[in-house]
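One-letter residues, chain by chain:
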Amino acid sequence: MNTANPRAVLLIAPVVDGLLDRLSSAYTVYRLYEQADPAAFLREIGANIQAVVTRGDIGVKNTVLEQLPDAGLVAIFGVGTDGVDLEYTRSRKIAVTITSGVLTNDVADLAMGLLLAGARQLCHGDKFVREGRWLTSAPSLATQVSGKRIGILGMGNIGQAIARRASGFDMQVLYTDHKRLDNLDYQWCADLHTLAHESDFLVIAASGGAANRGMIDATVLNVMPKHAWLINVARGSLVDEKALIRALQNHVIAGAGLDVYEDEPHVPAELIALDNVILQPHVASATHETRQKMSDVVFNNVAAYFDGVTLPNAID
């Protein structure tokens with residue numbers, strides 16, 4: 001650690017005000033996102049930076065880290081690491097921390113919310129009442145959720161939390177992951193296509209990254225039942241968005257509930273135009289309670305690094 005300036009933090013993207021205030025009161029914080037010329041700014045202050053704070057949806061580019069010779073920590077506000085080149089950080093011995101375990105419940109809640117909103121036509125019903133159409137006509141029938149099959153892609157903490165909630169609706173839980181998890185009493189599917197074919201609702205809870213990019217493609221969508229819904233609370237990069245739009249337009253599947261997109265915050269006009277899609281602005285963890293906990297974890301990770309103690313949320 002650079003003892004000449006041991007308390008300098010580079011903030012890559014905006015975070016909640018409470019975290020910014022705490023960081024600013026304890027450390028010298030440089031805000032990269034406010035700079036008109038980030039490259040020139042990094043050339044000026046890069047040698048001072050000891051720790052980097054970023055969001056999971058933003059990450060930090062290697063070209064930035066290359067300008068920070070004494071950086072030893074990347075503290076992520078979130079659980080996604082797909083925006084960080086972990087091989088590069090390992091080669092530099094830069095620790096990477098996440099807010100693990102904090103946002104699990106909120107993300108699982110929203111997954112079920114999107115599922116219910118789509119199947120039970122909650123947004124349509126709200127619009128139906130507000131527009132006064134109930135006065136002259138009857139609403140259309142929706143789709144039952146209880147007792148249906150839910151397929152979960154990715155059975156980590158969030159996937160398991162979704163499964164527990166789905167069990168409360170008497171749903172049959174199926175899943176696929178890198179391997180069968182013997183401690184879970186759910187139906188294992190050996191591959192994604194089998195899971196998609198057997199699911200009334202296919203929920204994406206897998207990690208992002210190059211290895212999983214576009215894994216929900218036309219071949220997956222084409223084997224899903226025509227009455228099935230796709231729910232994505234993971235990363236937009238996991239879905240071939242053009243293939244999904246075609247599948248929705250052509251009623252290959254019944255609908256989709258989306259919290260994430262390929263190029264946020266730019267949502268394709270074709271998706272916005274469809275009435276069989278529930279759209280959310282990447283807010284799965286956006287509750288007062290969870291964002292406060294995430295802020296606490298990030299601050300504690302940064303503090304632990306500067307104090308030279310074991311990082312509580314470091315990834316391998």
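Residues numbered from 1 in each chain as written. Predicted model: local features only at pLDDT ≥ 70, side-chain atom pairs only at ≥ 80, totals over all residues. Heavy atoms only, no water.

Points about the sheet that holds strand E10 (residues 229–232)
Then comes step 1: As summarised here, the arrangement of the seven strands in space is E8-E7-E6-E9-E10-E11-E12, forming an open sheet in which the pairing is parallel. The outermost strands of the open sheet, each flanked by one partner alone, are strand E8 (187–188) and strand E12 (277–279).
Then comes step 2: Bridge count for strand E9 (residues 201–204) against E10 is four bridges, and the pairing is parallel. Bridged to Phe 201 within E10 is Trp 229.
Then comes step 3: Running over the sheet, helix H10 (residues 241–249) touches E10, strand E11 (255–258) and E12 and is turned about 140° from E11. (Pairing = 2+ DSSP bridges. Helix = DSSP H or I, 4+ residues; strand = E, 2+ residues; numbered from the N terminus. Contact = heavy atoms within 4.5 Å. Axes fitted to C-alpha atoms, helices over the stretch in contact; angles between N-to-C directions.)

Details of the side chain of Thr 176
Then comes step 1: Relative to the helices and strands, Thr 176 resides in strand E7 (residues 172–176).
Then comes step 2: A polar contact of 2.8 Å, which involves the side chain of Thr 176, links it to the backbone oxygen of Cys 189.
Then comes step 3: Not counting chain neighbours up to four residues away, the residues in contact with Thr 176 comprise Ile 152, Leu 153, Gly 154, Met 155, Trp 188, Cys 189, Ala 190, Asp 191, Leu 192 and Leu 195. (Polar contact = N/O pair within 3.5 Å; in protein donor to acceptor, adjacent residues only side chain to side chain.)

Points about the packing of aromatic side chains
Then comes step 1: On inspection of all chains with the given rule, the structure shows five aromatic pairs.
Then comes step 2: One aromatic cluster in this structure is built from Tyr 27, Phe 299, Tyr 305 and Phe 306. (Phe/Tyr/Trp six-rings, centres within 6.5 Å; stacked < 30°, edge-to-face > 60°.)

Here we look at helix H12 (residues 288–307)
Then comes step 1: Compared with the 28 Å implied by 1.5 Å per residue over 20 residues, the 28 Å span of H12 between its first and last C-alpha is a close match.
Then comes step 2: Those residues of H12 that sit buried are Thr 290, Met 294, Ser 295, Val 297, Val 298, Phe 299, Asn 301, Val 302, Ala 303, Ala 304, Tyr 305 and Phe 306.
Then comes step 3: The secondary structure elements touched by the buried residues of H12 are strand E1 (8–11), helix H1 (17–26), strand E3 (51–55), strand E4 (73–77), strand E5 (95–97) and helix H5 (104–119).
Then comes step 4: Downstream of H12 by a residue or two, Gly 308 has a phi angle that is positive, lying close to 75°. (Expected span 1.5 Å × (residues − 1). Buried < 20%, exposed > 50% of the residue type's maximum accessible area, 1.4 Å probe, protein only.)

In short, geometric facts, not functional conclusions.
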